[in-house]
Amino acid sequence: MHAISLERKHALHSVAATRTLEAAAAAGLPAHTLMRRAGAATARLALALAPHARHVWIACGRGNNGGDGLEAALCLHLAGRAVSVTWLGEPDAAPADARAAWQRASEAGVVFAPGPPTDLGPGDLCIDALLGIGLSASALPGGGPPRHAPSGALQELLQALRTSQAMVLAVDVPSGLDADTGQYADGFAPDSIPMAPRHTLSLLTLKPGLFTAQGRDACGSVWLDDLGCGALAPRATAQLGTEHPVNARPQAPHASHKGSFGDVAVVGGEGLAARGMGMTGAAWLAARAALHGGAGRVMVALLDEGATTAPPWPELMLRRVDALDWPQLTAVCGCGGGEAVRAVLPAALARAPRLVLDADGLNAVAGDGALARALRARADAGLASILTPHPLEAARLLQCTTAQVQANRLAAAQALAGRYACTVVLKGSGSVTASPGELPVINARGNARLATAGTGDVLAGLIGARLAQGLTPHQAASSAVQAHGAAADHWPAHQALTASALAAALQ
Ligand SMILES: NC(=O)C1=CN([C@@H]2O[C@H](COP(=O)(O)OP(=O)(O)OC[C@H]3O[C@@H](n4cnc5c(N)ncnc54)[C@H](O)[C@@H]3O)[C@@H](O)[C@H]2O)[C@@H](O)CC1
Ligand SMILES: [K+]
């Protein structure tokens, strides 16, 4: 068992892949072995997390997740801890493994109670073994069977877990969270994020839903125990994090010059005159990020007719759009581009060998079939394209609702990558990078401080810099997303995070 380090990459497996692994592992082991291992691992982690707990309360559901909780109760009881269990199951209706666990726990004298002890305090521990992957029903955006709201007893136990002052250890997955998508099933979402510390012990595999959408907030710290079956794991469904170089430059030969690291041109920043909304800051932010991200030269083509602004940073060069040498450039198009970007897109789509399309550039493609076809045609012409939508922009591109995108972020990103034959970064909690023929990457870095104006422009610029330095689109996008998040994770606690300072802090 180990804590999941966000510095390393990890394989993620869907519920279906985990079930395949479970069946293969169970076939080669004596009955009930996996559940006993799961219970023992849960008990070990419980003892390590709360060594001084006066009381451990375990809420167990009707299925095998509850069985894991019963096995953990037995281990903790045998270790001399004060344990009580609230079990929603019935011996006659329980699955075989869980029934066997109940029998062993009962015979050993584990205490069963209708609810939690009334005096659970901050030093105590709750174990959430109500629902695991049995809840999951992965579906493409908008699909999936309707789900029923939790019953009264289940709802009460969930509430008790969420309002307790004691630390909560979730077995396999926080109850009610879909392990594939990171979304709560109907009726299961908490009213607010619980205050007590939270841990999740994922069993057999790490699942994608633990790290995207609501997963990060639901899980707290994530641990993994492969129950001794890691060698049998099938092909991964996705990957958490990336080990691509932080920055391509440190490996560059000594005899490098500014042309060695590529030219990035940021095209965006609609002027105040066009529609009364000046958005040139977005273009400058992207350009600054490209500069700090290691691009050799960075140009800015503002969509601001007649503007004579000097660059706010002297390393940046101004260009008129008609003076851009497209075939030599990595173009970052759309940041603050407003309506004006639409007129530039035909040239950018047709001529830029490497293109990052952000914000208004994406909205323009979503609303114009000819631009969408031009984008899709780039792959056949050997031109690299990266889209960086947030969920609303992704919904426009997929012609669905934001809720449908968020219902399965991994599937939505893959659907977009397929539709436009390019790399896609679906932003939001647990950003997903997907490319045709590549394992999708879920980003584990970053935090809510990134939810401030301009950070998306910074990301687009950084991706452009990495693409210009020769990384593949998938590497450029996934590694930039990780570096962007890591910069936020390392941000000094007492300092406000602004997009401009973030751009300067990039590595
Ligand atoms: N069988 C085994 O040997 C192993 C099982 N394991 C555990 O077993 C879990 C999966 O077990 P199950 O397949 O039994 O599934 P779960 O125990 O996760 O859930 C199944 C139960 O939840 C109920 N349920 C599902 N959706 C509901 C909803 N929306 N509202 C109310 N109730 C709902 C079902 O009626 C059923 O009683 C894993 O998450 C893991 O914890 C692991 O320990 C690996 C080994
Ligand atoms: K659980």
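Quantities reported herein were computed from a predicted structural model and do not represent experimental measurements.

So, unusual backbone geometry
Look at D172: it is not a glycine, yet its phi comes out positive at around 70°. With respect to the secondary-structure elements, D172 resides in the loop between β7 (167-171) and β8 (198-203).

Thoughts on the pairing of strand β12 (residues 297-302)
The buried fraction of β12 is high, at five of six residues. Alignment of strand β11 (residues 263-268) against β12, held across six bridges, turns out to be parallel. Bridge pairing links V266 to V300 in β12. Sheet analysis places β12 next to strand β13 (residues 317-318), joined by two bridges and oriented parallel.

Remarks on empty space enclosed by the protein
It is a probe the size of a water molecule, rolled over the atoms, that shows where empty space is left. For the structure shown, the criterion picks out one cavity of 30 Å³ or more. The computed volume of the largest cavity comes to approximately 40 Å³. Taken together, A46, L47, A50, A53, V56, L76, R81 and L125 make up the lining of the largest cavity. Counted by class, the lining of the largest cavity contains seven nonpolar, no polar and one charged residues.

Focus on the layout of surface pockets
In this structure, the second largest pocket spans a volume of roughly 510 Å³. Taken together, 22 residues line the second largest pocket, and the ones lying closest to its centre are G428, S429, S431, N447 and L450. Those elements that provide at least two residues to the lining of the second largest pocket are α6 (215-219), α15 (455-468) and α16 (473-489).

Points about the packing of aromatic side chains
The tally for this structure, following the rule as stated, stands at one aromatic pair. An angle of 20° between the planes, with centres 5.9 Å apart, marks the rings of W87 and W102 as stacked. Residue W87 is found in strand β4 (residues 83-87), and its partner W102 is found in helix α4 (residues 96-108); the two are separated by 15 residues along the sequence.

Looking at the domain arrangement of the protein chain
Buried accessible area, meaning the area lost when the parts come together, often serves as the stated size of an interface. As far as domains go, the protein chain holds domain 1 (2-240) and domain 2 (259-386 + 442-488). In this complex, domain 1 contributes nine residues to the contact, which on the side of domain 2 involves five residues. Around 640 Å² of area is buried between domain 1 and domain 2 when both sides are counted, 49% of it from carbon and sulfur atoms. By the criterion of area lost to domain 2, the three top residues of domain 1 are L6, R216 and L240, representing 56% of everything that side buries. Where domain 1 packs against domain 2, one counts one salt bridge. Note that R445 and E7 form a salt bridge whose closest N and O atoms lie 3.5 Å from each other. One can count four residue pairs in polar contact (both at pLDDT 80 or more) joining domain 1 with domain 2. Residue composition of the side of domain 1 that touches domain 2, grouped by class: five nonpolar, two polar and two charged.

Observations regarding the coordination of the potassium ion (ligand 2)
Put simply, a metal with four donors set out as a tetrahedron has ideal angles of 109.5 degrees, and one with six donors set out as an octahedron has ideal angles of 90 or 180 degrees. Around the potassium ion (ligand 2), the protein supplies N65 (OD1), D128 (O), L131 (O), V171 (O), V173 (O) and S175 (OG) as donor atoms, at distances of 2.6 to 3.1 Å. What the six donor atoms of the potassium ion (ligand 2) show is an angle range of 68 to 173° at the metal, which sorts the shape as irregular.

Notes on the site of ligand 1
For ligand 1, the set of nearby residues contains 21 residues, the closest of which are R19, N65, D68, G132 and D172. Take E22: an N or O atom from its side chain is 3.3 Å from a nitrogen atom of ligand 1. G132 places a polar main-chain atom, nitrogen or oxygen, 2.6 Å from an oxygen atom of ligand 1. Contact with the protein chains covers 81% of the free accessible surface of ligand 1, which is 870 Å².

Things to note about the nonpolar core
Nonpolar side chains in soluble globular proteins generally cluster together in the buried interior. F211, L345, L357, V365, L387 and Y420 are the most contacted members of the largest nonpolar core, which has 77 residues in total. Broken down by element, the residue count for this core peaks at six residues, all from helix α14 (residues 409-420). Counting only domains with at least three residues in this core, you end up with domain 1 (2-240) and domain 2 (259-386 + 442-488). Once you skip the residues sitting within four places of it in the chain, L345 turns out to touch C333, L357, G361, A364, V365 and L371. With 43 residues, the next largest nonpolar core counts V266, L450, A460 and A483 among its residues.

Some thoughts on the pairing of β8
It is a general feature of regular strands that their side chains alternate between the two faces of the sheet. Counting buried positions along β8 yields six of six residues, so the element is predominantly enclosed. Of the two faces of β8, both are covered, the one formed by R198, T200 and S202 as well as the one formed by H199, L201 and L203. Looking at chain direction, β7 and β8 are connected through four bridges and run parallel. In the strand pairing of β8, V171 is matched with L201. The pairing of β8 with strand β9 (residues 221-225) spans five bridges and is parallel. Its bridge partner lying in β9, S202 is registered against L224.

Topic: helix α9 (residues 341-351)
An α-helical segment advances 3.6 residues per turn. Residues three or four places apart therefore align on the same side. Listing the buried residues of α9 in full gives V341, V344, L345, A348 and L349. Along α9, the residues classed as buried sweep out an arc of 135° about the axis, all on the same side. For α9, the exposed residues set more than 90 degrees away from the buried face come down to A343 and A350.

So, the sheet that holds strand β3 (residues 56-60)
Spatial strand order, β1-β9-β8-β7-β6-β3-β4-β5: eight strands in an open sheet with mixed pairing. On the outer flanks of this sheet lie β1 (2-3) and β5 (111-112), each paired with one strand and no other. Bridge count between β3 and β4: five bridges; the pairing is parallel. Looking across to β4, one finds that I58 is bridged to V85. Lying over the sheet, helix α2 (residues 33-49) contacts β6 (125-129), β7, β8 and β9, oriented at roughly 160° with respect to β7.

Looking at helix α3 (residues 64-78)
Counted at 1.5 Å a residue, the expected span for α3 with its 15 residues is 21 Å, and the 21 Å between its end C-alpha atoms agrees. By the criterion of burial, α3 is predominantly enclosed, with eleven of the 15 residues buried. Taken together, the buried positions of α3 are occupied by N65, G66, G67, D68, G69, L70, E71, A72, A73, L74 and L76. Downstream of α3 by a residue or two, G80 has a phi angle that is positive, lying close to 90°.

Scoring rules and cut-offs
Residues numbered from 1 in each chain as written. Chains lettered and ligands numbered in written order. Predicted model: local features only at pLDDT ≥ 70, side-chain atom pairs only at ≥ 80, totals over all residues. Heavy atoms only, no water. Helix = DSSP H or I, 4+ residues; strand = E, 2+ residues; numbered from the N terminus. Buried < 20%, exposed > 50% of the residue type's maximum accessible area, 1.4 Å probe, protein only. Pairing = 2+ DSSP bridges. 1 Å grid on protein atoms, 1.4 Å probe; cavity = no way out; pocket = protein on both sides within 12 Å on 5 of 7 lines; lining within 4 Å. Points joined across faces, edges and corners; volume = space filled by probe spheres on them. Nonpolar A, V, L, I, M, F, W, Y, C, P; charged D, E, K, R; others polar. Phe/Tyr/Trp six-rings, centres within 6.5 Å; stacked < 30°, edge-to-face > 60°. Domains from an automatic or database assignment. Contact = heavy atoms within 4.5 Å. Buried area = accessible area lost by both parts, 1.4 Å probe. Salt bridge = Lys/Arg side-chain N within 4 Å of Asp/Glu carboxyl O. Polar contact = N/O pair within 3.5 Å; in protein donor to acceptor, adjacent residues only side chain to side chain. Donors = N, O, S within 2.8 Å, 3.2 Å for Na, K, Ca; no water. Tetrahedral: all angles 85-135°; square planar, octahedral: opposite > 155°, others 65-115°. Near = heavy atom within 4 Å. Areas by Shrake-Rupley, 256 points an atom, 1.4 Å probe, with all protein chains shown as cover. Core = buried A, V, L, I, M, F, W, Y, C linked by side-chain atoms within 4.5 Å. Arc of directions from axis to C-beta. Axes fitted to C-alpha atoms, helices over the stretch in contact; angles between N-to-C directions. Expected span 1.5 Å × (residues − 1).

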